[in-house]
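Examining the three-dimensional arrangement
Here is what each chain is made of, one letter per residue.
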Amino acid sequence: MHIPDHVLSQPVLIASGAIALGGFSLGLKRLERRLRDRTVVLMGIMAAFVFAAQMVNFPLLVLPASGHLIGGVLAAVMLGPWAGAVVMGTVLLVQCLLFADGGILALGANFVNLGLIASVGGYAIYDPIRRGVGGRAGVMLGAMVAAWFSVLLASLAFAIELAGSGWWEQLPEVLGWMALVHAAIGLGEAMITGLVLRSVLAVRPDLIFGVVEQGDAPPRWGRVALAGLGVALAVAAFLAPMASPLDDGLEFVGGRLGFLSGEEPAMISGPMADYSLKGLPDIAPVTAAAGLIGTVTVFAAGWFLGRASTGIASRLERSPEGPRSGGEGPEPHAA
Amino acid sequence: MTEPLPADHPPAAVLVRGLTYRYPDGREALRGVDLEIRPGETVALVGPNGAGKSTLLLHLNGLLPGRGASGSAPGIGHGHDLPGIGKGRKREAEPSVWIDGMPVDDRHGPEIRRRVGLLFQDPDDQMFSPTVIEDVAFGPLNLGRRKAEAKRIALECLERVDLADASDRPPHHLSFGERKRACLAGVLACEPTVLVLDEPTANLDPRSRRKFSALIRSLPATKLIATHDLEFVLEQCDRVALLDAGRVVADGDPETILGNEALMEAHGLELPLSMRLGRAIS
Amino acid sequence: MRLDWLEGPGSAGGPLHRLDARVKLAAVVGFVLAVVLVPMGSWRPLGIAGMVLAGLVGLSGVAPSLLLRRIAALMPVVVVLAAVIAPTHPKASALGAWAVGGTIVAKNALTIGAILLFARVTCFRSVLGALSWFRVPPALVATLHLMYRYLFVLSDQLGRMARARRSRSFRRSRWAEWPLGAGLIAALMLRSFERGERVHAAMLARGWDGTVRSLDGPDRPETLPPT
């Protein structure tokens, strides 16, 4: 989902760059106070971790391609929203400067989508759910739902940026297709995030940001409102195509689909994207169904994994901790 | 413990009295450790895995309890706490570790860290800078040296560990043994009076081990060395403290302690090979 | 993924390698900006930019095939995006969709080539030096330094863990790869956190007080520790 240069128009580049710069500075400012504690060190190492974790490939079950974790929500859950965003920004900067993955001028837009929206926005969805549900199940459910939405919202932001660059008229359809494909991609992200957090919860639940100090205090209303906004946006995205019947014909659909599935060969797609390819030209019901199925699946999977991890945790003796020596080899915490 | 300073003069280089520490999960890591090291002495700390050796070493320069309180105070605000180092920070009412007669507490933190050089077991934990020279100069720069001076000190220390030609290389281009020596250079650059070494000879091939061992022997500082390498202990330590289950269970000269088969077996250790061979022959 | 080349060329550097990283960073950003400002369908400026880039590649001694391969790997995304944008682009009616799409692809190829060339002739450490000279906040530069340092450590660690896992897993189901991969990531993350704790302890042990100091550049009084 790294946007190259020369795809977005200059006003969009400038606007997203300004938002990104503001968001990034705000994030750094919030972290400056904590410069002396571990956070800066952890951010550097977490950035390296996210980079390395993106190298782990997950085979798609139907397609001969593979996807990988994006990690925005995972970083936010572990480090907090702003540190998570800065970590993602750091990763994006390195990917852009060293691998030409994502444009230099589009760095702002990429940071808005994959840093601010994924980490800060994702955290705003995660936190109320975690507090509302409580305990380990809350962490799992919140993180998985947030991971799903983060992918969805990031893709919608990309759609809006594209549309802002020249085709406002097509916005509803673009949104619809984006939502459809990324609902499936987001399932992959949610599954990986959930599976990773399940392992973390089983061994070092104390590492999760905010769980220790804040406990399960009731959510603040601002965050609830933000989460609500995110959900509403996503729902709107699913419903949008219904409002505008498709009239461009199959050629347009083919182009869009090619664009959407070809855009990121390295990302997770899923059975639903494949299904819709087989010839349901009418996008609206499919998108809505995908959204519905996606939401239900993520909630169900989150609930299931959350319950399962509670069981695991109670069975598992907490591993001896303390400053551990850096032994290598097969890791001790089997997942 | 009321009065830490014993009558002898000068004060002990390292004095530990009744040191206790709990991991964040409540497990006791150290339960009343007593240890005293005179200036210039080389003391080995032996014991099975999980005996609390590394935990004890981290206490010697205040990296465990009270560490965070000198600067930001994680726990307040949204600092997020990791166990192991940050947490379980129950402030002891009074200090239980003294370095050169100076209590290890928040007020003396910077001075303590200057005096106590800590060599970690995994060189990758300790070499975080992009080049070897930057890493060695990290300590001097933090101690307020000018850049030119810090660079000179760093080069000198690299010379001492025979790595002067590697100064501009990135750490991951060094072999394990070289990284280990570079870490030692970084520690020496802070000019510590007490050297605390965690498993200095672990994972080294025989030649690197010999080289590193000779290097350690050549250093004049007071040394406390946690190790499983019993031959190394016999070669160069004046004394051995045997730590198990968070307590010093034996303290004495290496031949006596390491030669006590019953004691060694009881604490998950064994006689050094040279001693076993010696006994088999005689 | 091989990351060795990030270290720079070693002794085999050409004239571009020796150039100050600040100049190169400014030049590459300037090049990208210049290419962005070229209007749709103006082939002449793009051709000139291409020749400049080709000349620089020749001067640098970087193997063109290497750059071309990497550019080719990144191009499918660009081509697909261009194919989508071109027909509805405001300029498409005047210039034709092919011209617009071609311009988008050509522009991206040029900038990707320029960035890749920059990455090849500039070792990452000097990029970071340049960034801090351009007043990028020290906290970010420190984060980048640490990230870069531990990128190698963690990717090695990941490789070892992946091998260890593979040697113990006997199922060949695509489903099974998911928990396996997630477990790998979780283990890597836990180790990264624990590594972070130890690195932080090691930094404190050598007198770190939260101020980032470097051997480069002149002495600055504000970075001296309070006495």
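About the criteria used
- Residues numbered from 1 in each chain as written.
- Chains lettered and ligands numbered in written order.
- Predicted model: local features only at pLDDT ≥ 70, side-chain atom pairs only at ≥ 80, totals over all residues.
- Heavy atoms only, no water.
- Helix = DSSP H or I, 4+ residues; strand = E, 2+ residues; numbered from the N terminus.
- Contact = heavy atoms within 4.5 Å.
- Areas by Shrake-Rupley, 256 points an atom, 1.4 Å probe, with all protein chains shown as cover.
- pLDDT = per-residue confidence, 0-100.
- Buried area = accessible area lost by both parts, 1.4 Å probe.
- Salt bridge = Lys/Arg side-chain N within 4 Å of Asp/Glu carboxyl O.
- Polar contact = N/O pair within 3.5 Å; in protein donor to acceptor, adjacent residues only side chain to side chain.
- Patch = residues over 30% accessible without salt bridge, like charges linked within 9 Å, V, L, I, M, F, W, Y side chains within 5 Å.
- Phe/Tyr/Trp six-rings, centres within 6.5 Å; stacked < 30°, edge-to-face > 60°.
- Buried < 20%, exposed > 50% of the residue type's maximum accessible area, 1.4 Å probe, protein only.
- Lys NZ or Arg CZ within 6 Å of the ring centre and 35° of its normal.
- Pairing = 2+ DSSP bridges.
- Right-handed = clockwise from strand over helix to strand, strands pointing away.
- UniProt positions renumbered as here; feature names shortened; annotations may be inferred.
- Axes fitted to C-alpha atoms, helices over the stretch in contact; angles between N-to-C directions.
- Parallel < 35°, antiparallel > 145°, perpendicular 65-115°, else oblique.
- Left-handed = near helix turned anticlockwise from the far one by under 90°.

Here we look at the overall build of chain A
Counting its secondary structure elements, chain A contains 12 helices and 2 strands. Starting at the N terminus and ending at the C terminus, chain A contains elements arranged as α-α-β-β-α-α-α-α-α-α-α-α-α-α. At a minimum sequence separation of 6, the contacts of chain A that also span at least 24 residues come to 81%. Accessible surface, chain A as shown: approximately 11,500 Å² in total, 69% of it carbon and sulfur.

Details of the confidence of the model for chain B
Atom-level detail of predicted coordinates should not be read off regions where pLDDT is low. The predicted model of chain B has a mean per-residue pLDDT of 83, with 85% of residues at 70 or higher. Low pLDDT (under 50) marks residues 66-93 of chain B, which in the prediction has 84 contacts with non-local residues, meaning those over four places away or in another chain.

A short note on the interface of chain C and chain B
On the side of chain B, 42 residues touch chain C, which itself brings 32 residues to the contact. Together chain C and chain B conceal approximately 3,400 Å² of surface at their shared face, both sides included; 59% is due to carbon and sulfur atoms. Broken down residue by residue, the surface that chain C buries against chain B is led by Arg149(C), Arg206(C) and Leu215(C), which jointly contribute 27%. Linking Asp125(B) and Arg198(C) is a salt bridge whose minimum nitrogen-to-oxygen distance equals 2.3 Å.

Thoughts on the interface of chain A and chain C
Taken together, the contact pairs 81 residues of chain A with 82 residues of chain C. Here chain A and chain C share 2 salt bridges between them. Here Arg204(A) ties to Glu197(C) by a salt bridge, and the two come within 3.2 Å at their closest N and O atoms. Between the two partners, chain A and chain C, sit 7 residue pairs in polar contact (both at pLDDT 80 or more).

As for a nonpolar patch on the surface
A contiguous nonpolar surface patch, about 460 Å² in accessible area, is contributed by Ile48(C), Met51(C), Val52(C), Leu56(C) and Leu59(C). Along the chain, Leu59(C) falls in helix 3 (residues 43-60).

Observations concerning the packing of aromatic side chains
Think of a pair of aromatic rings as described by two things: how far the centres are apart, and how the planes are tilted against each other in angle. All chains considered together, the criterion is met by 10 aromatic pairs over all chains. An angle of 55° between the planes, with centres 5.4 Å apart, marks the rings of Tyr123(A) and Tyr126(A) as tilted. Taken together, the positions of Tyr123(A) and Tyr126(A), both in helix 5 (residues 107-133) and 3 residues apart, correspond to about one turn of that helix. For the pair shown, Tyr123(A) and Tyr126(A) are each scored as buried. Of the aromatic side chains, those joined through ring pairs into one cluster are Tyr123(A), Tyr126(A) and Phe209(A). A cation over an aromatic ring shows up here: Arg22(C) above the ring of Trp133(C), its NZ or CZ 4.9 Å from the ring centre.

Section: the environment of Ala83(A)
Residue and element names in this part refer to chain A. Among the secondary structure elements, Ala83 is positioned in helix 4 (residues 81-99). For the pair Ala83 and Met43, spaced 40 residues apart in the sequence, the C-alpha separation amounts to 6.8 Å. If near-sequence neighbours (up to four positions away) are discounted, Ala83 is found in contact with Leu31, Thr39 and Met43.

Observations regarding the pairing of strand 8 (residues 222-226) of chain B
Residues and elements named next belong to chain B. Extensive coverage of strand 8 is indicated by the burial of 5 of its 5 residues. Because side chains alternate across strand 8, one face comprises the buried residues Thr222, Leu224 and Ala226, and the other comprises Lys223 and Ile225, equally buried. Summarising the sheet, strand 3 (residues 42-46) and strand 8 pair through 4 bridges and their orientation is parallel. Bridging across to strand 8, Ala44 finds its partner in Ile225. When strand 7 (residues 194-198) meets strand 8, the two strands line up parallel, connected through 5 bridges. Residue pairing across strands places Leu195 opposite Lys223, the latter belonging to strand 8. Running through helix 7 (residues 206-218), the crossover from strand 7 to the neighbouring parallel element strand 8 is right-handed.

Details of the environment of Leu131(C)
Looking at the secondary structure, you find Leu131(C) in helix 7 (residues 124-133). Spatially, the C-alpha atom of Leu131(C) lies 29 Å from that of Gln157(C), the residues being 26 residues apart in sequence. The residues touching Leu131(C), leaving out its near neighbours within four places in the chain, are Leu93(A), Leu25(C), Val136(C) and Leu144(C).

Examining the pattern of salt bridges
Taken as a whole and assessed by the stated rule, the structure comprises 28 salt bridges over all chains. Among the salt bridges present, the one from Asp206(A) reaches Arg204(A), with a minimum N-O distance of 3.5 Å. We classify Asp206(A) as buried; its relative accessible area is 10%. In the salt-bridge network here, residues are joined through shared partners; they are Arg204(A), Asp206(A), Glu194(C) and Glu197(C).

Section: the confidence of the model for chain A
Residue and element names in this part refer to chain A. Mean pLDDT for chain A: 72, with 62% of residues reaching 70 or above. Averaged pLDDT values for the elements of chain A fall to 35 in helix 11 (residues 271-277) and rise to 92 in helix 3 (residues 72-79). pLDDT under 50 marks residues 311-335. Its contacts with residues more than four places away, or in other chains, come to 55 contacts.

Thoughts on the UniProt feature "transmembrane region" (unreviewed entry) in chain A
All names here are of chain A. Under the feature "transmembrane region" (unreviewed entry), the UniProt entry names residues 12-28, 40-62, 69-92, 104-126, 138-160, 180-203, 224-243 and 283-305. End C-alpha atoms of residues 69-92 are separated by 14 Å, and the span's content is 83% helix alongside 0% strand. In residues 104-126, helix accounts for 87% and strand for 0%; the two terminal C-alpha atoms are 30 Å from one another.

Focus: the sheet that holds strand 3 of chain B
Residues and elements named next belong to chain B. Across the sheet, 6 strands lie side by side as 6-7-8-3-9-10; this open sheet has mixed pairing. Here the strands that pair on one side only, and so sit at the sheet edges, are strand 6 (116-119) and strand 10 (247-252). Between one strand axis and the next, the sheet turns through 15° on average, direction left out of account. Along the sheet face, helix 6 (residues 176-188) touches strand 6 and strand 7 and points at about 165° away from the line of strand 6.

So, the packing of helix 3 of chain A against helix 7 (residues 171-203) of chain A
The description of two helices packed together rests on the angle between their axes and the distance between the axes. Residues and elements named next belong to chain A. Relative to each other, helix 3 and helix 7 sit at 30°, their axes nearing to 9 Å. Judged by the inter-axis angle, helix 3 sits roughly parallel to helix 7. Our pair here, helix 3 against helix 7, has a crossing hand that is right-handed. Residues Gly72, Leu74, Val77 and Met78 of helix 3 lie in contact with helix 7, whose contacting residues are Glu189, Thr193, Val196, Leu197 and Val200.

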